[in-house]
Amino acid sequence: MKFKGFLFDLDGTLVDSLPAVERAWINWGKRRGIAADEILNFIHGKQAITSLRHFMANHSEEEILREFQLLEAQEAEDTEGVTALPGAQQLLATLDELAIPWAIVTSGTQPVASARRSAAQLPEPDIFITAERVARGKPEPDAYLLGAQQLGLEPEECVVVEDAAAGILSGLAAGCHVIAVNAPANSPRLDEVDMVLTSLEELIINKSEEGVIEAHRKH
């Protein structure tokens, strides 16, 4: 696989925030009388506002936005247990050493995503695409199209790295290469991605003297 830049999802790809995410949503579900399994089977990889609109379809937009603000504040404050996933810090350091451009493209809002990136002690990217910056969240292509544009690259010159089904669909819809990391085996269109990994530790990046960048799976 040859390319010029990386577009990383954050939660579940670079950062293990699962305990914090599930704490926030399970507590929200308890207040609303919604079963935890029902919530957790829907939310991953999607913007919080999208999930709230799904579960609060019969409520006013004003009430949904009020719930969103409360949930956002809780998720931004609760970073207990948030850590970098294996291989994430080393991979980003390698990209910086090789002068390979990269961005974070997340369904999280700026306060939540920034808090989790900081808690995981990951470097701050020059390009940080959060939920506020796109009209349509994943699985629509908007976020990854914007990420590629901000890196000054064409979508097909970028590699999307994702763990969630919604993000994989978003990357494919944008026309990017896609690497799936620890993605659910039943993720739609998983057979169309360029590479399937169980961990970022398996990914090897090389850059030739001519500037050609290649990705390989460690054997």
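Just so we're clear, the structure is a prediction, and the values are computed from it rather than from any experiment.

Caption draft 1: Examining the side chain of K138 more closely. By the element assignment, K138 lies in the loop between β6 (127-129) and α7 (142-151). The buried category is assigned to K138, whose relative accessible area is 4%. A polar atom in the side chain of K138 sits 2.9 Å from the backbone oxygen of V105. A distance of 3.2 Å separates polar atoms of two side chains, one belonging to K138 and the other to Y144.

Caption draft 2: Expanded view of the environment of E38. Examined against the element boundaries, E38 turns out to sit in helix α2 (residues 36-43). Its relative accessible area of 47% is what places E38 among the partly exposed residues. Taking the C-alpha atoms as reference points, E38 and I26, 12 residues apart in sequence, are found 9.9 Å from one another.

Caption draft 3: The arrangement of the domain arrangement of the chain in detail. Domain boundaries assigned for the chain yield domain 1 (2-16 + 82-217) and domain 2 (18-77). Centre-to-centre, using C-alpha coordinates, domain 1 lies 24 Å away from domain 2. With 16 residues of domain 1 at the interface, the matching set in domain 2 holds 13 residues. Here domain 1 meets domain 2 over a buried area of about 1100 Å², counting both sides, of which 57% is carbon and sulfur. The tally of links from domain 1 across to domain 2 stands at one salt bridge. Ranked by the residues each element gives to the side of domain 1 that touches domain 2, the list is headed by helix α6 (residues 110-119), at four residues. Its residues assigned to classes, the side of domain 1 that touches domain 2 shows eight nonpolar, three polar and five charged.

The rules we used
- Along each chain, residue indices are assigned from 1 in the same order as the chain's sequence is written.
- The predicted nature of this model means local features are confined to residues of pLDDT at least 70 and side-chain atom pairs, given and counted, to a pLDDT of 80 or more, with totals for whole chains, interfaces and linings taken over all residues.
- Excluded from the side-chain calculations are hydrogens and water; all other atoms, namely the structure's heavy atoms, are used.
- We count a stretch as a helix when DSSP gives it H or I for four or more residues in a row; a strand needs E for two or more, and each element gets its number in order from the N terminus.
- Here's how the labels work: a residue is buried when its accessible area is under 20% of the maximum for its type, exposed when over 50%, partly exposed in between, all with a 1.4 Å probe on protein chains only.
- Distance and chemistry together define a polar contact, namely a pair of N or O atoms within 3.5 Å, with one atom able to donate a hydrogen and the other to accept it when in protein, and with adjacent residues in sequence counting only for side-chain atoms on both sides.
- Each domain's extent is set by a domain assignment, obtained either automatically or from a database.
- Contacts are assigned to residue pairs that have any heavy atoms within 4.5 Å of one another.
- Throughout, the accessible surface (probe 1.4 Å) given up by two parts as they are put together, summed over both, is called the buried area.
- Salt bridge, as used here, is a side-chain nitrogen of Lys or Arg placed within 4 Å of a carboxyl oxygen of Asp or Glu.
- When residues are grouped by polarity, Ala, Val, Leu, Ile, Met, Phe, Trp, Tyr, Cys and Pro land in nonpolar, Asp, Glu, Lys and Arg in charged, and all others, Gly among them, in polar.

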